[in-house]
Amino acid sequence: MITSVLNFVQGAVEMSTIGCVELASVVLIVYYIYAKTRAIEILGNLFPNLKLNIDYRPSIVKFNTMGNELLTTLRRNVQSETKQPNALTHAHGTNNMLELTPHAGRKPYHSMFDWGVYFPFLAQCLRIKRFVYPQVSGAVQDDLMIQRAIKQAAEQIVREQRIETHRTFKMNGETSSDIETEAKNYQDILESQERRAKSILMNMRSTLNHYLIMLTSWLLYKLLPCFLSGVVTHTKQIETLKKASERAPGIPLIFLPLHRSHLDYIMVTFILTNNDIRSPLVAAGDNLQIPVFGGLLRGLGAFFIKRKIDPVVGKKDILYRAILQQYIQHALKMSHNVEFFIEGGRTRTGKPCMPKGGILSVIVNAFMDRSIPDALLVPVSVNYERLVDGNFVREQKGETKVPESFWKAMAGIWKTLNSKYGLMRIDFNEPYSIKELVQSYNKIATDNSHFKVYKPSERTLQHNQSTSSLYGTDVVCEEHRTLIDSISREVVYDCASATSVMSTNALAFLMLTRFRNGALVTDIARELDVLRERLKGRKDMAFAGDSLHIVNYSCDLLGEVLITRTQDERGQIYLRPVPSIEAIIELSYYSNMLTPYFALQSVLMITFHELLTKTADEKITDTFADPENLPGISRKSLIDAAIANCDVLRYEFILHKPTQILSNLLEISLDELIMNGLIKLPENNDEPECNTESRKIARNIAAYLEDTDDSEYAESDYNQDEKPDIFLSHDTLTEQKAICEVLAPFSHAYLSVAQSLSILYRNSMLESEFIKFVINDISNKVNSGACPYGKYRSVLLNILRTHILIKKL
Ligand SMILES: O=P(O)(O)OC[C@H](O)CO
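All of these numbers come straight from a predicted model, not from anything done at the bench. (Residues numbered from 1 in each chain as written. Predicted model: local features only at pLDDT ≥ 70, side-chain atom pairs only at ≥ 80, totals over all residues. Heavy atoms only, no water.)

**Q** Help me out: how do you make sense of the pairing of strand 7 (residues 376–384) in this one?
**A** When a strand is regular, its side chains alternate between the sheet's two faces. Counting buried positions along strand 7 yields nine of nine residues, so the element is predominantly enclosed. Where strand 3 (residues 253–257) lies against strand 7, five bridges are found, and the strand directions are parallel. Looking at the pairing, L256 lines up with P379 of strand 7. As paired strands, strand 7 and strand 9 (residues 432–433) are joined by two bridges and run antiparallel to one another. Bridge pairing links L376 to S433 in strand 9. Relative to strand 8 (residues 423–428), strand 7 runs antiparallel, the two being bridged by five bridges. Bridge assignment links Y384 to a residue of strand 8, and that residue is M424. (Buried < 20%, exposed > 50% of the residue type's maximum accessible area, 1.4 Å probe, protein only. Helix = DSSP H or I, 4+ residues; strand = E, 2+ residues; numbered from the N terminus. Pairing = 2+ DSSP bridges.)

Right under this line is the structure:
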């Protein structure tokens, strides 16, 4: 009996335990579904009067600690979560892509019968315009050019083999092979080249797919807010782009972004797709052909190209070149849009790299041989408040790049999802037609009156063609080199000019040029106001709002490793750049975004002080330390000396478009310095004040009007007898010093390398060893306080190449 009772109790306990577990499971599942689906939000939208609590995020965070941020974002409330707390307001006229487009059923009207209202992300992705993306590889395979290239490659190998056999024959006295064996050998080589052609094409081909784009787009809408507070585009620019693509549907758009991050690839496609613009085929380096991600990128439009096209020095890979050329040509003929990074890789310094024209030359060639009627080049500027890829400090310090791999990518994604990177901004600049560009450059080339216009062949030093990247190799013809060089320089110049200034760019710039030794946060904010005022109307700012808030916000974003924040006993907050070489290199990355903009002003300011010092009775005086009784100098001598100084910087910066005249731009910059009170006109200057402004406007017009021969104007404006007509302004020495500081790191790097070059007269060294030697020397100087600037490996490389070229000449 007792046993039966005990059995019954045990059974009851077991049943109730199982029941409780089951019940708990059901509750958990329901809770999970409740959390996972948009049920509450839908009900909330359907019955707004019920005032349902739709902010369920905190409970979910508690419920699911494992996937915390990631899962929370996957289930986030559309309206409340797209904007992260404390995020900066983006500029007027811009649009945050994370807030969805009209596809989502939210705009222009809100209808309860539109399912998109309840499933906005799904609607956003399902309603994007569907384009047909024909596969290019089939057409390439059957192309006669490829068959010819296969033959040429086989013949090249046979020729090389013959030379080798002949050499062995001469050395060993063996007989050479008979005709029959040679014919069989040729057939084998031909077949192996055919197989190679197929494998190159298979590796290269893109499998751009509308459904994968849709899926990725949905995923990005869920994941991007984890680490970006906004993806900002300019509304008008998108409209222009749409109009351009709709107006001429057969004319491909060629997107040319300045490359900052691996994210650039995906983001350009994401933005275009969600604005109903055809996604491009993207030229990607084969370093990104890693498991899983390589396939994903391929499906999103990437076609992979070798970073080094000719593995053997001095020998052209005929077959690879032909396949690449035909791949791009067929893509264009099939009306695919194309995207490639004209700089080759990502910038390591933050300033734009010198362009590499390989792929551009294929596109121009396609137009020249009438394969396509025209194409529209779209310079794209990408900028991040904080760089998603981390930083390039290791590489800048001379260490080699860690190659991309699956695990590195996974670790990078995880780290990214758990960090905050602020805003991302993309600017699509006015498209220009290749047809018109080629016509205008051809006109310049034949027009003798444009003798002053920059032509690459006129440079004293020629660029060393890069061999490190495909983009640097001439894929097509030699005769277009000047044209390609000019177009690519124009594109990079336009991209750099149109890049929007992020809050972190502005703060880093101020910290490195004006406040290297630190300053009160309020002083920095005041200086930010001045900078914003100076850039107004000239450069787009990606942020708006109160400068003090912006300084604090970007200081948080850059983090304590770059800028320290301390508070004194009166409660005043003091910011200071961390004085380590690593921090300075990283801060320079952000600051360098503004360097090209101020480069000409900085050249003028440095040259001005240099000339003032020389004219002070030929005795060496520091103009900043002893500004008294310094005579002025003539405007003409300043411009002439500045032009000479710019010659060196041409290997560092693109200072002007090929169609612009450097002296005109220097005159404009000088007027700006005068207007800002950094250089003074004589006290008894009879010229009415407005003259500086009107002269500036006249110069602007002269510089930008293509057909204006302004030589007469420019000549008459100079002070012919070279009497001093510009003078040192004693009241603005701090500002002048800040402008000089823009290029000071570069000139110090040049100086250090020049000093180190003496070692090469006694020792021969590898380039890499010499770079390491110089980097060590500079690091020691920085650490000992002898030199305040951390230098850049890329700068050193440029200097070194310049030196080697001088020696060759
Ligand atoms: O900056 P790199 O040299 O790592 O190259 C990045 C490119 O995205 C490769 O296609």
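**Q** Sorry if this is basic, but what is going on with the environment of H480 here?
**A** Here H480 lies in the loop between helix 18 (434–446) and helix 19 (481–498). Along the backbone, H480 and G398 are 82 residues apart, and their C-alpha atoms lie at a distance of 35 Å. Apart from the residues lying within four places of it in its own chain, the contact partners of H480 are N365 and M368. (Contact = heavy atoms within 4.5 Å.)

**Q** Help me understand a nonpolar patch on the surface, please; the structure alone is not making it clear to me.
**A** A surface patch of nonpolar side chains, about 370 Å² in accessible area, is lined by W115, F119, L122 and L126. Note that W115 resides in the loop between strand 1 (94–96) and helix 6 (120–126). Take W115: its relative accessible area is 38%, and that puts it in the partly exposed class. (Patch = residues over 30% accessible without salt bridge, like charges linked within 9 Å, V, L, I, M, F, W, Y side chains within 5 Å. Areas by Shrake-Rupley, 256 points an atom, 1.4 Å probe, with all protein chains shown as cover. Salt bridge = Lys/Arg side-chain N within 4 Å of Asp/Glu carboxyl O.)

**Q** Can you help me understand the packing of helix 20 (residues 503–513) against helix 23 (residues 581–591) in this one?
**A** Helices that pack against each other are described as a pair by the angle of their axes relative to one another and the distance between those axes. Relative to each other, helix 20 and helix 23 sit at 125°, their axes nearing to 7 Å. Classed by the angle they form, the pair helix 20 and helix 23 counts as oblique. The way helix 20 lies across helix 23 gives a crossing that is left-handed. Along its contact with helix 20, which presents T504, N505, A508, F509 and L512, the element helix 23 presents I584, L587, S588, Y590 and S591. A per-class count over the contact of helix 20 with helix 23 returns six nonpolar, four polar and no charged. (Axes fitted to C-alpha atoms, helices over the stretch in contact; angles between N-to-C directions. Parallel < 35°, antiparallel > 145°, perpendicular 65-115°, else oblique. Left-handed = near helix turned anticlockwise from the far one by under 90°. Nonpolar A, V, L, I, M, F, W, Y, C, P; charged D, E, K, R; others polar.)

**Q** For this particular structure, what's the right way to read the sheet that holds strand 10 (residues 519–520)?
**A** Strand pairing in a sheet is mediated by backbone hydrogen bonds. Such pairs are either parallel or antiparallel. Strand order in the open sheet formed by three strands is 10-12-11, and the pairing between neighbours is antiparallel. What marks the edges here is a single partner per strand, and that holds for strand 10 and strand 11 (563–567). Here strand 10 runs beside strand 12 (residues 573–577); their pairing, made up of two bridges, is antiparallel. Its bridge partner lying in strand 12, L520 is registered against Y574. With respect to the sheet, helix 22 (residues 547–558) is in contact with strand 11 and strand 12, its orientation differing from that of strand 11 by roughly 125°.

**Q** I would appreciate a short explanation of the layout of surface pockets in the present structure.
**A** Over the atoms rolls a probe the size of a water molecule, and in doing so it shows where empty space is left. Computed from the structure, the second largest pocket encloses a volume of approximately 1,300 Å³. Tallied by class, residues from the lining of the second largest pocket come to 26 nonpolar, eight polar and eight charged. (1 Å grid on protein atoms, 1.4 Å probe; cavity = no way out; pocket = protein on both sides within 12 Å on 5 of 7 lines; lining within 4 Å. Points joined across faces, edges and corners; volume = space filled by probe spheres on them.)

**Q** Sorry, what's going on with the side chain of S433 here?
**A** By the element assignment, S433 lies in strand 9. Judged by its relative accessible area of 7%, S433 is buried. One polar contact links S433 to D374, side chain to side chain, over a distance of 3.0 Å. A polar atom in the side chain of S433 sits 3.2 Å from the backbone nitrogen of K435. Leaving out residues up to four positions away in the same chain, S433 has contacts with D374, A375 and L376. (Polar contact = N/O pair within 3.5 Å; in protein donor to acceptor, adjacent residues only side chain to side chain.)

**Q** Help me understand the pattern of salt bridges, please; the structure alone is not making it clear to me.
**A** Two side chains that carry opposite charge are able to pair once their charged atoms sit near each other. In the structure shown here, the tally under the stated rule is 21 salt bridges. With its nearest N and O atoms 3.9 Å apart, the salt bridge here joins R346 to E404. Taken together, the residues span a long stretch of sequence, with R346 in the loop between strand 6 (337–339) and helix 15 (358–368) and E404 in the loop between helix 16 (393–396) and helix 17 (406–417) at a distance of 58 residues. A salt bridge links D647 to R650, with the shortest nitrogen-to-oxygen separation between them at 3.4 Å. On the basis of relative accessible area, R650 is assigned to the buried category, the value being 17%. A cluster of three or more residues bridged by salt bridges with shared partners is formed by R346, D389, K401 and E404.

**Q** Would you mind going over the site of the ligand with me for this structure?
**A** Around the ligand sit 13 residues, and of these H259, Y265, R346, R348 and K401 come closest. The contact in question runs from an oxygen atom of the ligand to an N or O atom on the side chain of Y265, over 2.5 Å. A distance of 2.8 Å separates an oxygen atom of the ligand from a polar atom in the side chain of R307. Isolated, the ligand exposes 310 Å² of accessible area, and the fraction of that covered by the protein chains is 96%. Of the residues assigned to the shell around the ligand, the class counts are three nonpolar, five polar and five charged. (Near = heavy atom within 4 Å.)

**Q** Just to check I follow, could you spell out the side chain of N383 for this structure?
**A** Looking at the element boundaries, N383 is found in strand 7. A distance of 2.8 Å separates a polar atom in the side chain of N383 from the backbone oxygen of S500. One polar contact links N383 to N505, side chain to side chain, over a distance of 2.9 Å. Aside from chain neighbours lying at most four places away, what touches N383 is R260, L423, M424, R425, T499, S500, M502, N505 and M593.

**Q** Whenever I open this one, the packing of aromatic side chains confuses me. Can you help?
**A** To describe a pair of aromatic rings, one takes the distance between the centres and the angle between the planes. Summed over the entire model, instances satisfying the criterion amount to 15 aromatic pairs. Through a chain of ring-to-ring contacts, the aromatic side chains of F121, Y221 and F270 assemble into a single cluster. Stacked on the ring of Y320, the Lys or Arg K306 has its end atom at 4.6 Å from the ring centre. Over the aromatic face of F653 sits the side chain of K351, whose NZ or CZ is 5.2 Å from the ring centroid. (Phe/Tyr/Trp six-rings, centres within 6.5 Å; stacked < 30°, edge-to-face > 60°. Lys NZ or Arg CZ within 6 Å of the ring centre and 35° of its normal.)

**Q** Looking at this structure, how should I read the environment of P431?
**A** Summarising the element assignment, P431 is placed in the loop between strand 8 and strand 9. By relative accessible area, which is 16% here, P431 ends up buried. Linking P431 and P379, residues 52 residues apart in sequence, is a C-alpha distance of 7.1 Å. Those residues in contact with P431 that sit more than four places away from it in its chain are T240, L241, A244, L376, L377 and V378.

**Q** I'm lost on helix 20 in this one. Help?
**A** Structural remark: α-helix, 3.6 residues per turn; residues separated by three or four positions point the same way. Of all eleven residues in helix 20, eleven are buried; the element is thus mostly enclosed. Residues S503, T504, N505, A506, L507, A508, F509, L510, M511, L512 and T513 constitute the buried set of helix 20.

**Q** Explain empty space enclosed by the protein to me, please; I cannot follow it from the model alone.
**A** Tallied over the entire structure, the rule returns 14 cavities of 30 Å³ or more. Considering only enclosed or pocket space, the largest cavity measures out at about 180 Å³ in volume. Taken together, F509, L510, T513, R514, E527, V530, L531, R534, F598, E735, A738 and I739 make up the full set of residues lining the largest cavity. Taken together, the elements giving at least two residues each to the lining of the largest cavity come down to helix 20, helix 21 (521–535) and helix 29 (733–756). Here the lining of the largest cavity gets four residues from one element, more than from any other, and that element is helix 21. Split by residue class, the lining of the largest cavity holds seven nonpolar, one polar and four charged.

**Q** What's the story with the environment of Y133 in this structure? I'm lost.
**A** Within the secondary structure layout, Y133 lies in the loop between helix 6 and helix 7 (137–141). It is 9.7 Å that separates the C-alpha atoms of Y133 and A331, two residues lying 198 residues apart in sequence. In this view, Y133 contacts L208, H210, I213, R278, S279 and H336; residues no more than four positions away in its chain are not counted. A polar contact of 3.1 Å, which involves the side chain of Y133, links it to the backbone nitrogen of S279.

**Q** It is not clear to me how the pairing of strand 8 should be interpreted in this structure. Could you clarify?
**A** Strand 8 sits mainly inside the fold: six of its six residues count as buried. Side-chain alternation along strand 8 places L423, R425 and D427 on one buried face and M424, I426 and F428 on a second face that is also buried. In this structure, strand 2 (residues 230–234) lies alongside strand 8, joined through four bridges in parallel fashion. Residue pairing across strands places V231 opposite M424, the latter belonging to strand 8.

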